[in-house]
Amino acid sequence: MSPPCLLLLLPSLLLLSAGESAPAFTVELTGTAARMMNKARKAHQSSEFLNAHNTARGVHGMPPLRWDVGLTRFASQWARKRKVDCKMVHSGGPYGENMFWSRAMAWSPSKIVAQWVGERSNYNPTSNSCSPGSMCGHYTQVVWRTTTSVGCASIKCYNETGYLAVCEYNPPGNYEGERPFDATVVTDT
């Protein structure tokens, strides 16, 4: 909360502590302060998601991604649709998409991206495939060479069913037969 909000809120808090009823503007001020704090939390979350992606991409010499508000909006809308059941169902939208679910407390954006990047050990660059029975597509989407922007959102699901995070990527990656790091096409021989 910024200092001006604290200065405006302080007289109301003093009246409440003295047993006086709070003026009507306190509710509006509290709502405004909550919106400001939520906006700051989302900005921090966005920055953490973006930095984690760009750190992973930098390891492979891939250019950094930029944060895209439109992708963030799409991710947020899809996450809200999944809020009722918290199921890991992809949107089928026009973007690349990574999803993450946890029953436990909300994970930080950097830990979520680290989980996806942890699939690196399952990726075989020689065959351009995942190890049998393993996932690696989240990792390859994070580092995909032609992807230039990302937007993410996370929500707490209803009925204590967990937390869901969604990241959208544009242009999407993970094209069949293409490699994440170069334009070499892999063919079955």
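Look a little higher up for the structure.
One structure accompanies this document, and this report is about it. What you are looking at is a predicted structure, and each value in this text was computed from that prediction instead of being measured.

1. Here's the deal with the pattern of salt bridges
Then, number 1: Scanning the entire structure with this criterion turns up four salt bridges.
Then, number 2: A salt bridge links Glu 178 to Arg 145; its shortest N-O distance comes to 2.9 Å. Taken together, the residues Glu 178 in the segment after β6 (163-170) and Arg 145 in the loop between α5 (137-143) and β5 (149-156) connect sequence positions 33 residues apart.
Then, number 3: A salt bridge links Glu 160 to Lys 156; its shortest N-O distance comes to 3.7 Å.
Then, number 4: According to the relative accessible area criterion, Lys 156 is partly exposed, its value standing at 41%.

2. Focus: the packing of aromatic side chains
Then, number 1: A complete count under the given rule lists five aromatic pairs for this structure.
Then, number 2: Considering the side-chain rings of Phe 100 and Trp 107, the 4.9 Å spacing of their centres and the 55° angle between planes classify their relative orientation as tilted.
Then, number 3: The interplanar angle of 65° and the centroid separation of 6.4 Å between the aromatic rings of Trp 144 and Tyr 175 together place this pair among those described as edge-to-face. Residue Trp 144 is located in the loop between α5 and β5, and its partner Tyr 175 is located in the segment after β6; the two are separated by 31 residues in the primary sequence.
Then, number 4: An aromatic cluster is built from Tyr 123, Tyr 139 and Phe 181, whose rings are joined through pairwise contacts.

3. Some words on unusual backbone geometry
Then, number 1: With an omega of -15°, the peptide bond running from Asn 170 to Pro 171 counts as cis.
Then, number 2: Tracing the chain through its elements places Pro 171 in the segment after β6.
Then, number 3: Even without being a glycine, Asn 128 presents a positive backbone phi close to 55°.
Then, number 4: Positive phi is not limited to glycine here, since Glu 160 has a value of about 55°.
Then, number 5: On the secondary structure map, Glu 160 appears in the loop between β5 and β6.

4. Structural notes on helix α3 (residues 69-82)
Then, number 1: For α3, which comprises 14 residues, the first-to-last C-alpha distance of 20 Å matches the rise-based estimate of 20 Å (1.5 Å per residue) to within 8%.
Then, number 2: Every buried residue belonging to α3 is among Leu 71, Thr 72, Ala 75, Ser 76, Trp 78, Ala 79 and Arg 82, and all of these are buried. Projected onto a plane normal to the axis of α3, the buried residues spread over an arc of 170° and lie on a single side. Along α3, the residues that are exposed and aim more than 90 degrees away from the buried face are Val 69 and Lys 81.
Then, number 3: Those residues of α3 that are buried lie in contact with β1 (66-67), β2 (96-102), β5 and β6.

5. Comments concerning the sheet that holds β1
Then, number 1: Spatially, the four strands line up as an open sheet ordered β1-β5-β6-β2, and their pairing is mixed. The open sheet has two edge strands with one neighbour each: β1 and β2.
Then, number 2: For β2 and β6, the ladder comprises seven bridges, and the chain directions are antiparallel. Counted as the bridge partner of Trp 101 is Leu 164 from β6.
Then, number 3: Here α3 sits on the sheet in contact with β1, β2, β5 and β6, set at roughly 30° to β5.
Then, number 4: Across the sheet, helix α4 (residues 109-117) touches β2 and β6, and the angle it forms with β2 is around 110°.

Procedures and definitions
- Residues numbered from 1 in each chain as written.
- Predicted model: local features only at pLDDT ≥ 70, side-chain atom pairs only at ≥ 80, totals over all residues.
- Heavy atoms only, no water.
- Salt bridge = Lys/Arg side-chain N within 4 Å of Asp/Glu carboxyl O.
- Helix = DSSP H or I, 4+ residues; strand = E, 2+ residues; numbered from the N terminus.
- Buried < 20%, exposed > 50% of the residue type's maximum accessible area, 1.4 Å probe, protein only.
- Phe/Tyr/Trp six-rings, centres within 6.5 Å; stacked < 30°, edge-to-face > 60°.
- Expected span 1.5 Å × (residues − 1).
- Arc of directions from axis to C-beta.
- Contact = heavy atoms within 4.5 Å.
- Pairing = 2+ DSSP bridges.
- Axes fitted to C-alpha atoms, helices over the stretch in contact; angles between N-to-C directions.

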